[in-house]
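Each chain, written out:
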Amino acid sequence: MRLCEGLQFLILWVQLSQAVGSPLVMDHRSICRKTRRLIGKQAEICRKEPEIVQEVIKGAKLGTGECQFQFKERRWNCSTADKFFGRILMQDRGRGNDWWRNLQDIRETAFVYAVTSAGVTFAVTQSCSMGELLQCGCDYQMKGESPDGSWEWGGCGDDIDFGYTKSREFMDAQTRHRSDIRTLLTLHNNEAGRLAVKNFMRTECKCHGLSGSCAVKTCWKKMPIFREVGVRLKERFNGAFQVMGSNNGKHLIPVGDTIKAPTAEDLVYTNESPNFCKRNRKTGSQGTKGRACNATSMGIGGCDLLCCGRGYKERQVVVEENCKCRFHWCCVVKCSKCTAVKTVHECL
Ligand SMILES: *[C@@H]1O[C@H](CO)[C@@H](O)[C@H](O)[C@H]1NC(C)=O
Ligand SMILES: *[C@@H]1O[C@H](CO)[C@@H](O)[C@H](O)[C@H]1NC(C)=O
């Protein structure tokens, strides 16, 4: 039995905190207490670096939130992602006719793996910069002047290499030495997620000098904001590559012979997604019945596509809004409550 009680506990905790939206405070001891019987890198991290586990959870939560944002208008809106994320962190591959097993190789799952790995990379790196971890801190590797001499490296650079490495150790832990197509997919998409952070570091600068003059300018490397990471991964999702195993089973090769090979930053999948139109226990699809849709849009999120051609109903709902807002010196805005009738459209 590969599943470990400790991580299961951890997952449960992630799910609970998502359900009630509680802030991430927890006692890593209670989480790692049960993982003694675990083997491999995850267990090692849990035993020796429980504070990293805490960042892993934060990262997974960041990933879930981003997934739900990026997919809010799609048929699969990431609502089942809490289960996804749990099983990804546990490195559980499902068995038999389990919905998870059936969804492992599709585009959506590729995104979830990537955004989770990205989230973990991000969270670990950020806590290094904030001085929350003993193992790491600011990155001072960049030194000296800029090529044109107009500024110099300084300040607290984000130690992305540390975050990248920890994310890889944790997320790739049990799949490292296995070789099957599913493993190759997982490793590839995990890496794509980490690279969506690591390859897009930006330079942030600050001016020093009398009354804001820029006599001295120092710059440091900073991670992209996480929303940008989400947007980028969503683009990769749209352009994801369908692949299959090579003859020796050691590589992924694109399906179709005119197609260029995916880069390390691209997302890959092997199986076509179900359409997610109807509730289906085998795939974990919740269906789109009752989903709010946009009656005037022909695109994703529009009633045509979202409702899978089943049509939609119109409903008037009464909403309470702030209105007649007035600014009072100084500095409050006072509003009255007004009710308004709004038309909403919902899939049949
Ligand atoms: C996502 O879809 C499910 C079921 O289709 C629905 O219950 C849920 O409210 C949706 N979530 C969002 C954020 O729209
Ligand atoms: C619905 O879609 C139209 C056309 O794409 C867009 O202009 C409008 O803002 C959308 N409405 C909402 C509520 O998102």
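Predicted model only: the values in this text are computed from it and were never measured.

Reading guide: rules and limits
Residues numbered from 1 in each chain as written. Chains lettered and ligands numbered in written order. Predicted model: local features only at pLDDT ≥ 70, side-chain atom pairs only at ≥ 80, totals over all residues. Heavy atoms only, no water. Pairing = 2+ DSSP bridges. Helix = DSSP H or I, 4+ residues; strand = E, 2+ residues; numbered from the N terminus. Near = heavy atom within 4 Å. Polar contact = N/O pair within 3.5 Å; in protein donor to acceptor, adjacent residues only side chain to side chain. Areas by Shrake-Rupley, 256 points an atom, 1.4 Å probe, with all protein chains shown as cover. Axes fitted to C-alpha atoms, helices over the stretch in contact; angles between N-to-C directions. Parallel < 35°, antiparallel > 145°, perpendicular 65-115°, else oblique. Left-handed = near helix turned anticlockwise from the far one by under 90°. Contact = heavy atoms within 4.5 Å. Nonpolar A, V, L, I, M, F, W, Y, C, P; charged D, E, K, R; others polar. Disulfide = S-S within 2.5 Å. Buried < 20%, exposed > 50% of the residue type's maximum accessible area, 1.4 Å probe, protein only.

**Student:** Can you walk me through the sheet that holds strand β5 (residues 252-254) in this structure?
**Tutor:** Backbone hydrogen bonds hold the strands of a sheet together, and the pairing may be parallel or antiparallel. Strand order in the open sheet formed by three strands is β5-β4-β6, and the pairing between neighbours is mixed. The open sheet is flanked by β5 and β6 (268-269), the only strands paired with a single partner. Of the strand pairs in this sheet, strand β4 (residues 241-245) and β6 are connected by two bridges, and their pairing is parallel. Opposite Gln242, over in β6, you have Tyr269 as the bridge partner.

**Student:** I would appreciate a short explanation of the sheet that holds strand β11 (residues 332-347) in the present structure.
**Tutor:** Taken in spatial order, the three strands of this open sheet run β9-β11-β10, and their pairing is antiparallel. The sheet is open, and its two edges are formed by β9 (292-293) and β10 (312-328), each paired on a single side. Where β9 lies against β11, two bridges are found, and the strand directions are antiparallel. Directly across from Ala292, in β11, lies its bridge partner Glu346.

**Student:** What is the right way to read the site of ligand 2 from this model?
**Tutor:** In the region of ligand 2, the neighbouring residues are Asn294, Thr296 and Ser297. Asn294 places a polar side-chain atom, nitrogen or oxygen, 2.3 Å from an oxygen atom of ligand 2. Contact with the protein chains hides 26% of the accessible area of ligand 2, taken as 360 Å² for the molecule alone.

**Student:** What's the story with the packing of helix α7 (residues 107-129) against helix α8 (residues 160-171) in this structure? I'm lost.
**Tutor:** Two elements in contact, α7 and α8, have axes whose closest approach is 8 Å; the angle formed by their N-to-C orientations is 135 degrees. Between α7 and α8, the crossing angle belongs to the class labelled oblique. Both α7 and α8 take part in a crossing whose hand is right-handed. Within the contact between the two elements, α7 uses Thr116, Ser117, Val120, Thr121, Val124, Thr125 and Cys128 and α8 uses Ile160, Phe162, Gly163, Tyr164, Lys166, Ser167 and Met171. Among the residues making up the contact of α7 with α8, the classes are represented as seven nonpolar, six polar and one charged.

**Student:** Looking at this structure, how should I read the state of the cysteines?
**Tutor:** By definition, a disulfide links two cysteine residues through a covalent bond between their sulfur atoms. Under the defined criterion, the tally for this structure stands at eleven disulfides. Each disulfide pairs two cysteine sulfurs, and for Cys205 the partner residue is Cys219, the sulfurs being separated by 2.1 Å. Residues Cys205 and Cys219 are joined by a disulfide whose S-S torsion is about 105 degrees; by sign, that bridge is right-handed. Taken together, the residues span a long stretch of sequence, with Cys205 in strand β2 (residues 202-208) and Cys219 in strand β3 (residues 216-222) at a distance of 14 residues. Classification of Cys219 as buried rests on a relative accessible area of 0%.

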